[in-house]
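# Commentary on secondary and tertiary structure
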Amino acid sequence: MVGCTKERGLSEVIGFLMIVSLLTILFSMYLIYVVPIQGRDAEISHMKYITQEFIGLKADIDGLIINNKINLPIARSFELGTLSSVGSGALSILPVSSFIEASGTLMVNEQNDYLNIMINGSMVNLSGLPPVVSPPISNPILELTCNSSDMCPSTPINFTISDRFYNITTQERYSINNTTVDIVITYPNKTTYFTGNASLTIPGYQSSYDLILQTFSNTAEKPLIAQKTLVENLTFPCNLTYNILKDNALFPNNSTDYYLINPSEATPVDLYTPHTITTKVAEYPPRIGSLQYESNNRYWVNQNLLYEMGGLFLSQPVDGGSSVTLIPSIALTPIQNISQDPDPEYYLKVSINNIRIIDTEDISGSVSAQVFTKVDKINQNLINGTDITSNFGTPASSSALWKMREGDEPNARAVWLQFLSDDDRINSSYYFDSAKTADSDQMNVTIQLWKRAFDQIKTITNKTLSSSVENQENKDFTGWLYIFRMSKNTNNALPYSANIVIGENAKNRISGDCPAIITDATQSSICENTVKNYLDNPGGSEFILDYRDSEVSLVMQSGAL
């Protein structure tokens, strides 16, 4: 019909547009609702994974220290982002359909807090003892001059340490040195058709010399017990150095240098006398270091993990939430004196593992990071300290290496652990810049978290003691801990601190001047003086103090290919 408009196929077009619109709506809903949920789930899973890696790192460090493994590296991998460790979703083939990956940063000693320790116990100043190496060795790095195989060292070097006699000498060593001779055969009359080559091996040997350390029993017969090679394949003449303090064959206890020259078995028991010492020998107390992970999440709340002195702390910067995942390496346990019968006495054993991280390094991004951990030094019941207290900002007039009496016998009456949060106004050279502004909020949050850790230690201790000690009338240790935190004037250095004092009379002697939370600067000064007076004269019964000071190195590198 003329003038009639044909609309054939219009329904198909409308249907197609409706399908496209429906798919667009579904895809939009997927992007708006499903992708963020996937991203949130991935970030939650990743934070759980990071937490488990930190727990594993703590176990690695504790295992190295407990087993006394020095300079043995252990590697652990940390996935810093989400997409490197978890899946993305069903539509991840389309870039816009995948959630945006989160990233994170691993930092060593970004937060470098302080720990001041005061101990009243039975100890000896090692710097006042004569060396027990015979003859005395003033310099443990021995200089050796070797002119020939029979004059190496040119001056004999031998010495006695405890019940062992040591001698440094050379030893001849033989090795096979076969000589190969090539022979050209021509026969007859150099005819080219009868020529050839042959090799003849002549057996032989050659001698070389090694520098060795011989170990003898320090008896009249001096039988040889062992020997170890110090330097192989000597060439003469030569000059060598040998540090006896770094030789685990001589000093297997891996303690500090001076103590290695003065082993415990050579320290007479009657030299141990009561002393009160503090580890603050410089302008400020020693730093303990930390390993920290800061997340950069996009769908889930940001969370930070902090490993410090064996403890693991979790915080959420947005809402200020925080928790103690693992308590620091401080433990109190009852020890039964089995020698007393039929009514054995219980002693309190206080174990403190002061783990200090000594590196500074950061890695950020979404790739994996390799962390290599090794223990550089373990000092058992050895404290670098002074018996003269000084104010913050002023170094001690003198310091020495103090050794506590070891064994399963009581050796201390009181211990004060004072944790002080990092102060940005103190630089690496211990200079206090009063022109800078202190981050009071961060410092205050840190000590609140550490006080909470001390409270958990007390709770665990009370449960352990109440369930372990059968005869409660014999000895009740539940009141031997007192915990408080205090704030000074923020114009001063290190204004915030969390404190735990251990001793039989600690609570009775301290609680009056040191309430659980101190916010007044004047009251803080009164409390500090009360605690120091208590440490000087604690009274009460002794307990067993097992103190370890460990230096740990953390080396990080990117694990991305």
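First, a word on scope: everything that follows refers to the structure included in this document. Only a predicted model underlies this, so the values are computations on that prediction, with no experimental measurement involved. (Residues numbered from 1 in each chain as written. Predicted model: local features only at pLDDT ≥ 70, side-chain atom pairs only at ≥ 80, totals over all residues. Heavy atoms only, no water.)

## Focus on the state of the cysteines
Selection rule: Disulfides are defined as cysteine sulfur pairs within 2.5 Å. Only protein chains enter the accessibility calculation, which uses a 1.4 Å probe. A residue is then buried if its area is under 20% of the maximum for its type, exposed if over 50%, and partly exposed in between. Only DSSP runs of H or I reaching four residues or more are called helices, and only runs of E reaching two or more are called strands; each is numbered from the N terminus.
Enumeration over the complete set of coordinates arrives at two disulfides. Each disulfide pairs two cysteine sulfurs, and for Cys146 the partner residue is Cys152, the sulfurs being separated by 1.9 Å. Taking the sign of the S-S torsion, 50 degrees for the link of Cys146 and Cys152, the bridge is right-handed. When sorted by exposure, Cys146 lands in the same class as Cys152, which is buried. With a sulfur-sulfur separation of 1.9 Å, Cys514 is cross-linked through a disulfide to Cys527. Measuring handedness by torsion sign, the sulfur bridge of Cys514 and Cys527 sits at about 115 degrees and is right-handed. With Cys514 in the loop between α4 (506-510) and β26 (517-518) and Cys527 in helix α5 (residues 521-536), the pair connects residues that are 13 residues apart, well separated along the chain. Accessibility assignment for this pair places Cys514 and Cys527 in one class, buried. Disulfide connectivity for the protein, with bonded cysteines indexed by sequence position, reads 1-2, 3-4.

## Overview of a nonpolar patch on the surface
Keep this limit in mind: By definition, no residue in a patch forms a salt bridge, and every one has over 30% relative accessible area; like charges are joined within 9 Å, nonpolar side chains (Val, Leu, Ile, Met, Phe, Trp, Tyr) within 5 Å. Surface accessibility in these figures is a Shrake-Rupley result with a 1.4 Å probe; residues are shielded only by whichever protein chains are displayed. Salt bridges are defined by distance alone: a side-chain nitrogen of Lys or Arg within 4 Å of a carboxyl oxygen of Asp or Glu.
Taken together, the side chains of Ile19, Leu22, Leu23, Ile25, Leu26, Met29, Ile32, Tyr33 and Val34 define a hydrophobic patch exposed on the protein surface, amounting to about 890 Å² of accessible area. Within the element layout of this structure, Leu22 appears in helix α1 (residues 10-66).

## As for the packing of aromatic side chains
Note the following rule: Stacked, tilted and edge-to-face are the three classes assigned to paired rings of Phe, Tyr and Trp, where Trp is represented by its six-membered ring and a pair needs centres within 6.5 Å; plane angles under 30 degrees give stacked, over 60 edge-to-face, the rest tilted.
Applying the stated criterion to the full structure yields ten aromatic pairs. Relative to Phe216, the ring of Phe165 has its centre 6.0 Å away and its plane inclined at 50 degrees; by these criteria the two rings are tilted. Linking Phe165 in strand β6 (residues 164-176) with Phe216 in strand β9 (residues 205-217), this pair joins segments that are 51 residues apart in sequence. Judged by its relative accessible area of 16%, Phe216 falls in the buried class. The structure contains a cluster of three or more aromatic residues connected by ring pairs, namely Phe313, Phe419, Trp450 and Phe454.

## Details of the pattern of salt bridges
Any two side chains of opposite charge can pair if their charged atoms end up close together. Applying the stated criterion across every chain yields a total of twelve salt bridges. Note that Asp41 is salt-bridged to Arg40, the shortest N-O span being 3.4 Å. Take Asp41: its relative accessible area is 36%, and that puts it in the partly exposed class. With a relative accessible area of 34%, Arg40 lands in the partly exposed category. With a closest N to O distance of 2.8 Å, Arg425 and Asp423 form a salt bridge.

## Quick look at the nonpolar core
Here is the rule: We define the nonpolar core as a collection of buried residues of types Ala, Val, Leu, Ile, Met, Phe, Trp, Tyr and Cys that are connected through side-chain atoms lying within 4.5 Å of one another. Between two residues, a contact is recorded if the distance between any of their heavy atoms is within 4.5 Å.
Counting residues in each nonpolar core, the largest one holds 43 residues, and the members touching the most others are Ile352, Leu417, Phe454, Phe543 and Leu545. For this core, the element with the highest residue contribution is helix α3 (residues 440-468), accounting for seven residues. Not counting chain neighbours up to four residues away, the residues in contact with Leu417 comprise Leu115, Asn116, Ile117, Met309, Ile330, Ile352, Phe454, Ala498, Asn499 and Ile500. Core analysis: the next-biggest nonpolar cluster, separate from the first, contains 28 residues, Ile363, Val371, Val375 and Val552 among them.

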